[in-house]
Amino acid sequence: MTQQIDHIKSFYDELLRTRLLSFVNATPGFVHNISNPLTIISTRAQLLQLKMPQNADFEKMVKQSKTIELMLNNLFYISHNILDEELKLLNINELLKNELTFLLTDSFFKQNVKKNYQLHPNLPKTKGVYFHISMVFFCIMQLQLFLMREAIEKKVSIRTSEKDNNIIIDITGTGEQLSKEETSQIFSKSINLKTEDIKPKQQLINNLTKSCQMTPGKNIILTIESNPDQTHYQIVTPIIHE
């Protein structure tokens, strides 16, 4: 009986992944279908704003249309790139901006976390796999948001820089400290599956460990320093032009 239940569960997981993948693949078409009528509405609102500038409602409509357009562009960017496992020229700042914009769908991140971004204005592009870099960043942010849930001061800072032909992404967040055992697990790339009912924190650590495990060679190097006040993550990836 147990074997049959496990078999059904594996089918369910496989079919769910297939269904979710179909949603991701359909997103660009979904965005396109919404963008066309939105453009018409936005253009009409701008014309009415010019004809009746005294009416503040039209100005609000134009601003809201632009906000929706930005959200749709972000959704298109993420869905278009998330499945891309090819080696391509990447703009790391653009990648981070879009990932952070997408994170605003998390109400806790949007409303409760103080954000400080310092992205190097002349950061060179580098060849890499979007999925690899974005997934390591995503898993770090998910873990860090969990660690800062109960913090009195909820702050996160993200900075990019260039040094010794490397692109460096520094992420610092307040909140609960990661233990030496937990950081050791991430660096050793060992998945902790001691219990069937994995606690949320351990699952997030496992996810970060997996994301580091899938990056080939030394293309992405992660270091973590955690103390009672804050945790600092540093992602280093080489600048590759050819």
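Calculation rules
- Residues numbered from 1 in each chain as written.
- Predicted model: local features only at pLDDT ≥ 70, side-chain atom pairs only at ≥ 80, totals over all residues.
- Heavy atoms only, no water.
- Phe/Tyr/Trp six-rings, centres within 6.5 Å; stacked < 30°, edge-to-face > 60°.
- Helix = DSSP H or I, 4+ residues; strand = E, 2+ residues; numbered from the N terminus.
- Buried < 20%, exposed > 50% of the residue type's maximum accessible area, 1.4 Å probe, protein only.
- Lys NZ or Arg CZ within 6 Å of the ring centre and 35° of its normal.
- Lys, Arg positive; Asp, Glu negative; His and termini not counted.
- Salt bridge = Lys/Arg side-chain N within 4 Å of Asp/Glu carboxyl O.
- Contact = heavy atoms within 4.5 Å.
- Core = buried A, V, L, I, M, F, W, Y, C linked by side-chain atoms within 4.5 Å.

### Let's talk about the packing of aromatic side chains
No. 1: If you walk through the whole model with that rule in mind, you get one aromatic pair.
No. 2: Residues Y77 and Y130 carry aromatic rings whose centres are separated by 5.9 Å and whose planes lie at 75° to one another, so their mutual orientation is edge-to-face. One end of the pair, Y77, is in helix α2 (residues 56-82); the other, Y130, is in helix α5 (residues 130-147), and 53 residues separate them in sequence. Residues Y77 and Y130 agree in their burial class; the two are buried.
No. 3: Cation over ring: K115 sits above F109, and NZ or CZ is 4.9 Å from the ring centre.
No. 4: The positively charged end of R149 is found above the aromatic ring belonging to F108, 4.0 Å away from the centroid.

### Comments concerning the side chain of E99
No. 1: As for its placement among the helices and strands, E99 is situated in helix α3 (residues 92-103).
No. 2: As a buried residue without a salt bridge, E99 has its nearest oppositely charged side chain in K88, at a separation of 14 Å.
No. 3: In this structure E99 touches I78, Y130, S134 and F137, once residues within four positions along its chain are discounted.

### Overview of the nonpolar core
No. 1: Among the nonpolar cores identified, the biggest contains 41 residues, and M141, I171, L208, L222 and Y233 are the most heavily contacted of them.
No. 2: For this core, the element with the most residues is α5, which contributes 10 residues.

### Considerations on unusual backbone geometry
No. 1: Notably, D164 is not glycine yet its phi reads approximately 50°, a positive angle.
No. 2: The residue D164 is located in the loop between β4 (155-163) and β5 (166-174) in this model.
No. 3: With a relative accessible area of 65%, D164 lands in the exposed category.
No. 4: Of note in this structure, N165 is not a glycine but carries a positive phi near 60°.
No. 5: Mapped onto the fold, N165 is located in the loop between β4 and β5.

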